[in-house]
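Structural description and commentary
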Amino acid sequence: MSWLGRGTLVVRPGYFHEFRKVFGRCLLASQSENAGIAAEEQFSPAQSETIRPRFGWLKDRQLATLFLFPTLGLLIFMNVFPLVWSLYLSFTDYRDSKGIEWTDANWIGLENYQKVLTDARIWERFTISGYFVLPAVLVEFVLGFGIALLLNQAFRGRGVITTIILIPMMLSPIVVAFFWRFMFQADIGIVNYFIVEVFNLDPVLWLTKTKEARIALVLVDTWQWTPFIMLISLAGLAAVPKYLYEAADVDRATEWFKFRHITLPMVSPLLIIAVLFRLMDTYKLFDLAWILTKGGGPGHTTQVLPVYLYKRAFTNHYTGEAAATGYIMLVVIIALANLLIRFINQEQAEG
Amino acid sequence: MYKRLALLSIFVLSMMLVSLAPAGVPQAEAQDPELTIVWFAWPPCEALAELVPQYEGANVTVDCVPLAQWHDIIFTDFVAEGGADLPILDSQWIGEAVGGNHLVNLTDWMEANMELDDYVPAALSAYGEYPAGSGVYYGVPAMADVQMLVYRADIFEEEGLDEPADTWYGLLEQAQELKDSDTIENGFTWFWCGSVGCVDQVQTAWNQIAWSFGGELWDPAEYQVEGVLNSDENVEALEFAAELYLTGPDGSGDFTYDEVLGSLCNGTSAMTSIWVGFGPVIADPNSCAEAENFAYAVPPGQTDHYLSLGGQGMSVSAYGDVDAALDFLAWFQMEETQLEWIRLGGYSARYSILESDEFVNAAPYNGVFADAYPLVKDFWNLPEYSELLEVQGEYLNLAIVGEMAAEEALSYIAEEQQYIIDDAYPDGPQ
């Protein structure tokens, strides 16, 4: 994807050549210290040049390959191989519980995909995921960007407040889900304590009513991940050049005008990236639903797609079908991501 | 000068070492074999961990895994042809495990090494036989279990109630009375959770109501679910469950064993029906504040009287140290070991143990266990068990928490389960 290339580290030709020079100097320095010779004397360019040819057999390219090898090996083993293998399995009737080797599974073409796409249960889970992903990302976006605008002002204690707001993001989602479970307990939870005792309202059955359980999931995700959007927005806001505002002030522009025509266009590419990350993350959310609503309760009404996928793959052992579901999910998220990236590119082209 | 070369060599060597490390660890010679047992985390698992050091033939490790992951850990290990030598499977998983050729057939070994006449036949069958009635065994009883009614004797006395009623409707009336009283907040609390992370909780709770109301889950002779599961008796049983649910704590529709025990022990609920295996937690004042106020009874029936079968059998994995595992099983089934097992909080399926004074005196609820165990009934142990279980749990839960009508929920379950069974057995029963 071309947009990724814009920000990646570019390795200049000769990078390793320089590295070798510095590396050689260090070696030399340590030797000279041992020999009691002043290190400074050894750092003349002439002498470092004399070292080079001794290692001439090790070309830049070879050294680079050598250092890349472990990472490449790991990537191929941990990412590429499972991807290709599961793609193959998605075209077979393989079920890992049947005691049959995967090599003996039957090739059934697109049957798994056809089965998944015509399965009402899958579409129901897509809808459940939609009920969770869209409100969660929207609320996180509005709140996160709003808080970032507030924190972008200069005031006392700004650093401390920013740090405190960031804390939820640092916690493990499993831990977060567990303590929110306790807080959402209808009879002894602190949330209902406030609702009943302080506001004199009826207790809310947070985790045993469909609508309430879906709201609870959105609330917890928002609590944990609003800081993420805030952090990225804050970085974007800090990068807006001050002189643009000064120029607008000279022209007596209103605050709204400045926000609409300076802040928003300058920050929007970063905002969209933040939204993109959150979209992908909430779409593949598993841990929160697994703990907070015990895998999708009440019944299956908060069973988001990844939990359903887990269930089909590891509890029911429809390995091939689950692989196909995984690829369908992947295609959907790539399509969504591409839409957003196009949007960024369009914005930038217009800008 | 050659330091750099040396550094590179070290780099390459260390990469090789890292990749070869697991294979290169020197093995101690002629030591006791290592055996692993996997079970889910609950008091009997801890009791088993206390028992196994007494076995001298092997170093036995007991792995108590979270309930929600118990099935998936065992079956993922089977796929990888590894894992525990002695997996303790839930009784209904045997079909799934045998279907994948993951277990050692124990039929001949059991005949040669166990006094089979001394075992409750229903236990031998439920914890190890597959297919049902075939006389082929893949597991031996590890832990016999059944639910007991746990109630607050002090609250019953205060409210002028005698003993818990012996019919479900009678019990509902008592639970409603307690819920409305000022002496305690809630009547009957149960593990109503039915989502996928709760395994079989609402199912084992509701099934015993349905069976006692005269309902059935399916017709095993014809592999017929539709028309059997959504019978009038079962609809009544599910509507009854939704009423009983309302006598428990608000929002207890996602309660699992932990929350039920919590609600009982913190004094907010007056009754539950729970596995005897949790007895040591309930009866110990150190783990349960109200321990001394509890009394125990056999859970009620209605027109019939059935209780869900609990407990599990211990099987031998085809991928472990089979000989050492069989030696351990022989030791575990010995009368002396079983006596020690019940002293630590386990339950035996041997008549000689169940009828012994040691057993009856070992815990205040053991008499109830002896009366309740003959009433047990189990459900499908087909390889499709987990699929059938999930759809049942999810829709039972929706009906119980009031999100769906009982009839609609049962019709949906029946339709889905019929589809699953027809898909797996297009030629009918096997």
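Residues numbered from 1 in each chain as written. Chains lettered and ligands numbered in written order. Predicted model: local features only at pLDDT ≥ 70, side-chain atom pairs only at ≥ 80, totals over all residues. Heavy atoms only, no water.

1. Some remarks on the overall build of chain A
Each helix and strand in chain A was counted, giving 16 helices and zero strands. For chain A, the residues scored as buried account for 41% of the 351 residues in total. Long-range contacts, defined here as pairs at least 24 residues apart, represent 66% of the contacts in chain A between residues at least 6 apart. Carbon and sulfur atoms provide 69% of the accessible area of chain A, an area that totals close to 20,000 Å². (Helix = DSSP H or I, 4+ residues; strand = E, 2+ residues; numbered from the N terminus. Buried < 20%, exposed > 50% of the residue type's maximum accessible area, 1.4 Å probe, protein only. Contact = heavy atoms within 4.5 Å. Areas by Shrake-Rupley, 256 points an atom, 1.4 Å probe, with all protein chains shown as cover.)

2. Observations regarding the overall build of chain B
Each helix and strand counted, chain B has 19 helices and nine strands in total. In chain B, which comprises 430 residues, the proportion classed as buried is 58%. For chain B, the proportion of contacts with a sequence separation of at least 24, taken over those separated by at least 6, is 73%. Put simply, chain B shows about 16,700 Å² of open surface, and 49% of that area lies on carbon and sulfur atoms.

3. Details of the state of the cysteines
Residue and element names in this part refer to chain B. Evaluation of the coordinates by the stated rule reveals three disulfides over all chains. Note that C193 is cross-linked by a disulfide to C198, the S-S spacing being 2.0 Å. An S-S torsion of about 60° defines the bridge between C193 and C198 as right-handed. Residue class for C198 comes out buried when judged on its relative accessible area of 1%. Residue pairing for C265: its cysteine sulfur links by disulfide to C288, the two sulfurs lying 2.0 Å apart. The sign of the -100° torsion about the S-S bond sets the C265-C288 disulfide as left-handed. (Disulfide = S-S within 2.5 Å.)

4. Description of the interface of chain A and chain B
Accessible area lost upon the coming together of the parts serves often as the stated size of an interface. On the side of chain B, 46 residues touch chain A, which itself brings 52 residues to the contact. Buried area between chain A and chain B, summed over both chains or domains, comes out near 4,100 Å², and the portion from carbon and sulfur atoms is 54%. There are nine salt bridges connecting chain A and chain B. The closest approach of N and O atoms between E387 of chain B and R312 of chain A, which form a salt bridge, is 3.5 Å. Taken together, the connections running from chain A to chain B amount to 22 residue pairs in polar contact (both at pLDDT 80 or more). Of the residues forming the side of chain A that touches chain B, the biggest block, six residues, is contributed by helix α15 (residues 305-315) of chain A. Of the residues in the side of chain A that touches chain B, the class split is 20 nonpolar, 17 polar and 15 charged. (Buried area = accessible area lost by both parts, 1.4 Å probe. Salt bridge = Lys/Arg side-chain N within 4 Å of Asp/Glu carboxyl O. Polar contact = N/O pair within 3.5 Å; in protein donor to acceptor, adjacent residues only side chain to side chain. Nonpolar A, V, L, I, M, F, W, Y, C, P; charged D, E, K, R; others polar.)

5. A look at the pattern of salt bridges
Within this structure, the stated rule accounts for 25 salt bridges over all chains. Salt-bridge contacts for K294 of chain A lead to E259 of chain B; the nearest nitrogen and oxygen are separated by 2.8 Å. Separated into two different chains, K294 of chain A in the loop between α14 (287-292) and α15 and E259 of chain B in helix α11 (residues 257-265) make up a pair that spans both. Both residues of the pair, K294 of chain A and E259 of chain B, belong to the buried class. The residue R152 of chain B makes a salt bridge to D154 of chain B at a minimum N-O spacing of 2.9 Å. Of the residues examined, D154 of chain B reaches a relative accessible area of 24% and is grouped as partly exposed. In this structure, a network of salt bridges that share partners links the residues E124, R125 and K311 of chain A together with E390 and E394 of chain B.

6. Looking at the nonpolar core
Counting 150 residues, the largest nonpolar core has I37, W39, L48, M314, F328 and Y373 of chain B as the members making the most contacts within it. Residue assignment places this core across two domains, with domain 1 (34-145 + 310-374) and domain 2 (146-309 + 380-424) of chain B each supplying three or more. Excluding residues within four positions of it along the chain, F328 of chain B makes contact with L35, I37, V52, Y55, V60, L86 and M314 of chain B. Core analysis: the second largest hydrophobic core is formed by 51 residues, V218, V220, I272 and V275 of chain A among them. (Core = buried A, V, L, I, M, F, W, Y, C linked by side-chain atoms within 4.5 Å. Domains from an automatic or database assignment.)

7. A look at the environment of N186 of chain B
All names here are of chain B. Tracing the chain through its elements places N186 in strand β5 (residues 186-188). On the basis of relative accessibility, which here comes to 5%, the residue N186 falls in the buried class. Note: C-alpha distance between N186 and S269 (83 residues apart in sequence) is 4.6 Å.

8. Some details on the packing of aromatic side chains
Going through the model one piece at a time under the given rule, you end up with 60 aromatic pairs over all chains. Consider the rings of W85 of chain A and W102 of chain A, whose centres lie 5.3 Å apart with planes at 80°: the pair is edge-to-face. Here W102 of chain A lies in the loop between α5 (60-89) and α6 (111-117) and W85 of chain A lies in helix α5, a separation of 17 residues in the sequence. When the ring of F379 of chain B is compared with that of Y385 of chain B, the centres are 5.9 Å apart and the planes differ by 55°; the resulting orientation is tilted. For the pair F379 of chain B and Y385 of chain B, a shared accessibility class is recorded, and that class is buried. In this arrangement the basic side chain of K377 of chain B is found over the ring face of Y306 of chain B, its NZ or CZ atom lying 4.5 Å from the centre. (Phe/Tyr/Trp six-rings, centres within 6.5 Å; stacked < 30°, edge-to-face > 60°. Lys NZ or Arg CZ within 6 Å of the ring centre and 35° of its normal.)

9. Concerning a negative patch on the surface
A surface patch of negative charge is lined by D232, E233, E236, E239, E243 and E407 of chain B. No other element matches helix α10 (residues 232-245) of chain B, which puts five residues into the negative patch. (Patch = residues over 30% accessible without salt bridge, like charges linked within 9 Å, V, L, I, M, F, W, Y side chains within 5 Å. Lys, Arg positive; Asp, Glu negative; His and termini not counted. Charge placed at Lys NZ, Arg CZ, Asp CG, Glu CD.)

10. Thoughts on the side chain of D96 of chain A
Here D96 of chain A lies in the loop between α5 and α6. The side chain of D96 of chain A sits in the buried core without any salt bridge; R95 of chain A is the nearest counter-charge, 6.9 Å away. Among the polar contacts listed, one links the side chain of D96 of chain A to the side chain of H317 of chain A, at a separation of 2.7 Å. Excluding residues within four positions of it along the chain, D96 of chain A makes contact with A313, H317 and T319 of chain A together with V79 of chain B.

11. Focus: the confidence of the model for chain A
Residue and element names in this part refer to chain A. With 84% of its residues at a pLDDT of 70 or more, chain A shows a mean pLDDT of 85. Of the regions scoring below 50 in pLDDT, residues 1-16 engages in ten contacts with residues more than four places distant in sequence or in other chains. The low-confidence segment residues 26-43 (pLDDT under 50) makes 14 contacts with residues lying over four places distant or belonging to another chain. (pLDDT = per-residue confidence, 0-100.)

12. Here we look at the confidence of the model for chain B
Residue and element names in this part refer to chain B. Across chain B, the average pLDDT comes to 91, with 93% of residues at 70 or higher. Per-element averaging of pLDDT across chain B places helix α1 (residues 3-24) at the bottom with 56 and α10 at the top with 98. Scored below 50 in pLDDT, residues 22-29 shows zero contacts in the model against residues more than four places distant or in partner chains.

13. Observations regarding the packing of helix α9 (residues 201-212) of chain B against α10 of chain B
Residue and element names in this part refer to chain B. At their nearest, the axes of α9 and α10 sit 9 Å apart, and the two run at 130° to each other. It follows that α9 is oblique to α10 by the angle criterion. Helix-helix and strand crossings are classified by hand; for α9 and α10 the assignment is right-handed. Residues W206, I209 and A210 of α9 touch α10, and the partners they reach there are N234, A237, L238, F240 and A241. (Axes fitted to C-alpha atoms, helices over the stretch in contact; angles between N-to-C directions. Parallel < 35°, antiparallel > 145°, perpendicular 65-115°, else oblique. Left-handed = near helix turned anticlockwise from the far one by under 90°.)

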